[in-house]
Amino acid sequence: MQNKRKFEQYHRYGLLFIAPFFLAFLVFQLYPILYTIYLSFTDLKGWNPAANLVGLDNYFAIFRNPLFLKSISNTFILWGVNFVPQIGLALLLAAWFTNIKLRLRGKGFFKVVFYLPNIITAASVAILFFVLFSFPLGPINLALQHFGVLDQPFDFFRSETGTRLIVSFIQFWMWYGQTTIVLVSGILSIDDALFESAMVDGANDGQIFRKITLPLLKPILLYTLVTSLIGGLQMFDIPFLLTNGNPNNSVLTITMFIYNQAFTGSRNFNVAATASVLLLVLSIVLSTLLFQFFKENSKVGRK
């Protein structure tokens with residue numbers, strides 16, 4: 001009986017230790033989410049503190065907003081253009097780093113170099129690339145003219161395609177190292193005996209990668225895809241700092257649209273809240289579909 005009382009006392013201490021997390025979650029995460037959902041059903045805007053319920057009017061209106069629809073397409077374009085080469089290069093580097101036959105030297109050094117762009121602040125990266133691609137005397141313009149690629153300077157930041165490619169490349173450059181390290185960790189968690197058995201049976205590197213590495217790496221690939229997708233949907237800092245969404249809103253993302261609606265101009269908090277809720281729903285739906293897709297593929301693979 002006495003031991004039971006001591007256990008209950010220790011149990012109370014445990015609750016006290018975890019209480020700060022739940023308090024912080026309730027105040028700084030759950031409450032803002034619920035309040036944002038509430039605002040999406042109101043007409044709150046400007047400096048007027050009063051808000052009236054308007055039902056689903058905001059949701060019907062936002063799908064008629066061409067700027068919001070363009071921000072959605074921009075977000076997926078920027079994410080797709082940077083993620084496809086990112087996952088391809090990361091898989092290639094991960095395969096090289098974990099290949100038993102190659103025995104590459106200095107792998108730790110290269111991992112640090114590849115990961116380094118991820119720890120540089122977005123503001124510094126934006127300034128760096130703005131200077132590199134500046135018009136007319138930026139280093140990229142001068143180099144392209146020197147090698148005969150361009151006859152005259154090209155204003156990259158007045159070109160929609162050029163700006164999109166620059167933003168996508170920056171996102172790719174900043175995150176491919178992180179993706180590589182995650183994939184390397186996933187490959188290293190696979191039992192070495194499987195690779196050794198395959199080599200004894202005469203399998204080459206390509207066959208080992210396709211038949212052993214990729215199938216067993218599916219959970220890590222799913223994690224990488226989902227986290228990259230959610231991060232891509234929340235893309236904000238680089239396009240905002242680099243060109244503020246210009247030219248012609250070609251790199252205006254969903255989160256930039258939300259920011260502009262809430263904190264600039266007429267301060268349309270109701271529109272910003274509605275877009276935020278839709279962004280949350282979009283993230284949940286796409287993540288669920290990816291989980292279902294990988295689950296179905298795993299079932300087919302087992303058959």
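- Within an unreviewed UniProt entry, the label attached to the protein reads ABC transmembrane type-1 domain-containing protein, and the organism entered is Candidatus Enterococcus testudinis.
- Regarding the protein, the relevant UniProt record gives this comment under Sequence similarities (unreviewed entry): "Belongs to the binding-protein-dependent transport system permease family."
- UniProt's Subcellular location (unreviewed entry) comment on the protein is quoted here verbatim: "Cell membrane".

### Brief notes about the UniProt feature "transmembrane region" (unreviewed entry) in the protein
Stage number 1. UniProt's feature table lists "transmembrane region" (unreviewed entry) at residues 12-38, 76-100, 112-135, 165-190, 220-242 and 271-294, given in the numbering used throughout.
Stage number 2. For residues 271-294, helix accounts for 100% and strand for 0%, while the C-alpha atoms at its two ends are 35 Å apart.

### A closer look at unusual backbone geometry
Stage number 1. Residue phenylalanine 135 is joined to proline 136 through a cis peptide bond whose omega torsion reads 5°.
Stage number 2. By secondary structure assignment, the location of proline 136 is in the loop between α5 (122-132) and α6 (139-146).
Stage number 3. Residues other than glycine seldom take positive phi values, yet asparagine 248 does so here, at roughly 55°.
Stage number 4. Tracing the chain through its elements places asparagine 248 in the loop between α11 (237-243) and α12 (254-263).

### Some words on the side chain of threonine 75
Stage number 1. Positionally, threonine 75 belongs in helix α3 (residues 66-98).
Stage number 2. One polar contact links the side chain of threonine 75 to the main-chain carbonyl oxygen of serine 71, over a distance of 2.7 Å.
Stage number 3. Side-chain polar atoms of threonine 75 contact the backbone nitrogen of isoleucine 254, separated by 3.1 Å.
Stage number 4. Sequence-distant contacts of threonine 75, defined by excluding residues within four places in its chain, comprise Gly232, Leu233, Thr253 and Ile254.

### Observations regarding the pattern of salt bridges
Stage number 1. Scanning the model with the defined rule gives 1 salt bridge in all.
Stage number 2. A salt bridge links aspartate 155 to arginine 158; the nearest nitrogen and oxygen atoms lie 3.0 Å apart.
Stage number 3. Given the relative accessible area of 69%, arginine 158 is considered exposed.

### Section: the nonpolar core
Stage number 1. If you look at the biggest cluster of nonpolar residues, it comprises 46 residues, and the most contacted ones within it are Ile62, Phe68, Leu183 and Leu221.
Stage number 2. Those elements giving two or more residues to this core turn out to be α2 (57-62), α3, α7 (160-188), α8 (192-200), α9 (205-216), α10 (218-233), α12 and α13 (269-302).
Stage number 3. Broken down by element, the residue count for this core peaks at 10 residues, all from α13.
Stage number 4. The residues contacting leucine 183, other than those within four sequence positions of it, are Ile87, Ala90, Leu91, Ala94, Leu217, Ile220, Leu221 and Thr224.

### Some details on the packing of aromatic side chains
Stage number 1. By the definition in use, this model includes 25 aromatic pairs.
Stage number 2. When the centroid spacing of 6.3 Å and the interplanar angle of 10° are considered together, the rings of phenylalanine 129 and phenylalanine 133 count as stacked. The two residues phenylalanine 129 and phenylalanine 133 agree in class, both being buried.
Stage number 3. In this structure an aromatic cluster arises from ring pairing among Phe97, Phe109, Phe110, Phe114, Phe129, Phe133, Phe154, Phe156, Phe169, Phe172, Trp173 and Tyr176.
Stage number 4. The positively charged end of arginine 267 is found above the aromatic ring belonging to tryptophan 47, 3.8 Å away from the centroid.

### Topic: the environment of methionine 174
Stage number 1. Relative to the elements of secondary structure, methionine 174 occurs in helix α7.
Stage number 2. A residue is classified by how much of its surface remains accessible, and methionine 174, at 7% relative accessible area, is buried.
Stage number 3. Spatially, the C-alpha atoms of methionine 174 and threonine 121 are 10.0 Å apart, while their sequence positions differ by 53 residues.
Stage number 4. When sequence neighbours within four positions are dropped, the list of residues in contact with methionine 174 reads Pro117, Asn118, Ile120, Val125 and Ile238.

### Here's the deal with the packing of α7 against α10
Stage number 1. Between α7 and α10, the shortest axis-to-axis distance is 9 Å and the interhelical angle comes to 160°. Judged on the interaxial angle alone, α10 and α7 are roughly antiparallel. Read as a crossing pair, α7 and α10 show a hand that is right-handed. Between α7 and α10, the contacting residues are Thr179, Val182, Leu183 and Gly186 on the first element and Ile220, Leu221, Tyr223 and Thr224 on the second.
Stage number 2. For the contact of α7 with α10, the per-class residue count stands at 5 nonpolar, 3 polar and no charged.

### Some points on the environment of leucine 128
Stage number 1. Residue position: leucine 128 is located in helix α5.
Stage number 2. Using a relative accessible area of 41% as the deciding quantity, one classes leucine 128 as partly exposed.
Stage number 3. Separated by 114 residues in sequence, leucine 128 and leucine 242 place their C-alpha atoms 9.6 Å apart.

Parameters at a glance
Residues numbered from 1 in each chain as written. Predicted model: local features only at pLDDT ≥ 70, side-chain atom pairs only at ≥ 80, totals over all residues. Heavy atoms only, no water. UniProt positions renumbered as here; feature names shortened; annotations may be inferred. Helix = DSSP H or I, 4+ residues; strand = E, 2+ residues; numbered from the N terminus. Polar contact = N/O pair within 3.5 Å; in protein donor to acceptor, adjacent residues only side chain to side chain. Contact = heavy atoms within 4.5 Å. Salt bridge = Lys/Arg side-chain N within 4 Å of Asp/Glu carboxyl O. Buried < 20%, exposed > 50% of the residue type's maximum accessible area, 1.4 Å probe, protein only. Core = buried A, V, L, I, M, F, W, Y, C linked by side-chain atoms within 4.5 Å. Phe/Tyr/Trp six-rings, centres within 6.5 Å; stacked < 30°, edge-to-face > 60°. Lys NZ or Arg CZ within 6 Å of the ring centre and 35° of its normal. Axes fitted to C-alpha atoms, helices over the stretch in contact; angles between N-to-C directions. Parallel < 35°, antiparallel > 145°, perpendicular 65-115°, else oblique. Left-handed = near helix turned anticlockwise from the far one by under 90°. Nonpolar A, V, L, I, M, F, W, Y, C, P; charged D, E, K, R; others polar.

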